[in-house]
Amino acid sequence: MASFSAFAPASLSNLGPGFDSLGVALEGWGDQVTIDLDKEPGFSVIYDANSVWAGTTDPLRNTASVSAMHVAQLAGYRHGARLCVKKGIRAGSGLGSSAASAVAGALAMNAALGSPFSKAELLQSCLAGEATVSGAIHGDNVVPCLIGGIVLVDADDPTDFLSIVSPENLHFAIILPEIEVFTQQARSLLPDQITLHEGAVWASNLARLAVAITNGDIERIGRLIMRDEIVEPIRAGLIEPYRDIKWSAIKAGALGCALSGSGPAMFAVCDTAESAAFVAQAMQKACTDHAVHCLSVSSRVNMHGAYVGQRHV
Ligand code: HSE
């Protein structure tokens, strides 16, 4: 029987004040899942020899197989499947690693079954996979990963979302320190309640950020991603070089710098590719000065999201 592969990109989420609601798909990094249908019942997971990361092979805990099983159930498919996962994104990175595997798993399974579902119809399956590891249904990685671009999702119901027009000259410098921060743990640190004033400030920052993105106002985007006064200050404590990375990004010319998702990845906003490459190097130096190994890259908005097929690099 034929193999079916799908690739799903890494993503930045939250972008400062957009906790659980704002995310962007990235060019470059991503996960690939290949599926072979099996007449025997049951799902199994292995990792590709070239995978940069290997996680659980328990099909009930792996985000790729959970979303693939969800698709199979929707389609009424009662046999089994073998999944091979090639992770380009490290788990616990803050770059939507679990979301990318969930999305690639759902898309590959859909392709293997003859593509009965549209991307929109696969969203629930992708969210089910993501929830396996994050302990909550949040769509700010899954939705941009699936459809591409910059997306605002309803934090209560991620199946309701809006795509925002992406500015042409929006560039990101991204650093991934070798520190593990798992979403479930990073969420457990957050307060259950905030004051009305905090809520008002937060809402106004997110609303202005969304308009700044639509207007292509990169300088204001940079300023506003640094205006989360509730979630990021708590999580920053999990990342020792946080302050120095941020300071070095701004000093090197970035217009703003923030955590991606629950971290440890951080991203800086720049208005040219050259500036993003320079800022990425400065962030990397700040991190290694703390004796923390890291990867740094520059990237842009990925407008297409996940797709069926192998990635050609
Ligand atoms: N919005 C999620 C959070 C993203 O911040 O917990 C997880 O990467």
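Note that this is a predicted model, so its numbers are computed, not measured. (Residues numbered from 1 in each chain as written. Predicted model: local features only at pLDDT ≥ 70, side-chain atom pairs only at ≥ 80, totals over all residues. Heavy atoms only, no water.)

Asks: Can you tell me about a nonpolar patch on the surface, naming the residues and giving the values?
Replies: Nonpolar side chains collect at one region of the surface, where Met226, Trp247 and Ile250 lie side by side and expose about 290 Å² of accessible area between them. Inspection of the secondary structure puts Ile250 in helix 9 (residues 242-251). A relative accessible area of 31% means that Ile250 is categorised as partly exposed. (Patch = residues over 30% accessible without salt bridge, like charges linked within 9 Å, V, L, I, M, F, W, Y side chains within 5 Å. Areas by Shrake-Rupley, 256 points an atom, 1.4 Å probe, with all protein chains shown as cover. Salt bridge = Lys/Arg side-chain N within 4 Å of Asp/Glu carboxyl O. Helix = DSSP H or I, 4+ residues; strand = E, 2+ residues; numbered from the N terminus. Buried < 20%, exposed > 50% of the residue type's maximum accessible area, 1.4 Å probe, protein only.)

Asks: If you had to explain the pairing of strand 2 (residues 22-38) to someone new, which residues and values would you point to?
Replies: A large share of strand 2 lies buried, amounting to 14 of its 17 residues. Direction of pairing for strand 1 (residues 3-13) relative to strand 2: antiparallel, over a ladder of 10 bridges. Its bridge partner lying in strand 2, Phe7 is registered against Gln32. Looking at chain direction, strand 2 and strand 5 (residues 150-153) are connected through three bridges and run antiparallel. By the bridge assignment, Gly23 is partnered in strand 5 with Val151. Sheet topology note: the strand 2/strand 4 (residues 80-87) ladder contains eight bridges and is antiparallel. Each bridged residue has a counterpart across the sheet, and for Val33 the counterpart in strand 4 is Val85. (Pairing = 2+ DSSP bridges.)

Asks: Tell me about the pattern of salt bridges, and please be specific about residues and values.
Replies: Within this structure, the stated rule accounts for nine salt bridges. Ionic pairing is found between Lys87 and Asp31, a salt bridge with its closest N-O pair at 2.4 Å. Residue Lys87 is located in strand 4, and its partner Asp31 is located in strand 2; the two are separated by 56 residues in the primary sequence. Each member of the pair, Lys87 together with Asp31, is buried. Residue Arg82 is joined to Asp38 by a salt bridge in which the shortest nitrogen-to-oxygen separation is 3.1 Å. Linking Arg82 in strand 4 with Asp38 in strand 2, this pair joins segments that are 44 residues apart in sequence.

Asks: Break down helix 2 (residues 97-112) for me, with residues and values.
Replies: When the terminal C-alpha atoms of helix 2 are compared, their 22 Å separation across 16 residues agrees well with the 22 Å that a helix rising 1.5 Å per residue should span. The element helix 2 is largely enclosed, with a buried count of 15 among its 16 residues. Looking at the residues trailing helix 2, positive phi occurs at Gly114, about 90°. (Expected span 1.5 Å × (residues − 1).)

Asks: Tell me about the environment of Thr288, and name the residues and values.
Replies: Looking at the element boundaries, Thr288 is found in helix 10 (residues 273-288). Among the residues examined, Thr288 registers a relative accessible area of 39% and is labelled partly exposed. When the C-alpha positions of Thr288 and Val308 are compared, they lie 37 Å apart, and in sequence the two are 20 residues distant.

Asks: Could you give an account of the domain arrangement of the chain, naming the residues involved and the relevant values?
Replies: The domains assigned to the chain are domain 1 (2-164 + 302-312) and domain 2 (171-300). Residue-level contacts link 33 residues of domain 1 with 38 residues of domain 2. Roughly 2,600 Å² is buried in total at the junction of domain 1 and domain 2, and carbon and sulfur atoms are behind 67% of that figure. The interface formed by domain 1 and domain 2 contains one salt bridge. The shortest N-O distance in the salt bridge between Asp20 and Arg187 comes to 2.7 Å. The tally of links from domain 1 across to domain 2 stands at 12 residue pairs in polar contact (both at pLDDT 80 or more). Those elements that place two or more of their residues in the side of domain 1 that touches domain 2 are strand 1, strand 2, helix 3 (119-134) and strand 5. (Domains from an automatic or database assignment. Contact = heavy atoms within 4.5 Å. Buried area = accessible area lost by both parts, 1.4 Å probe. Polar contact = N/O pair within 3.5 Å; in protein donor to acceptor, adjacent residues only side chain to side chain.)

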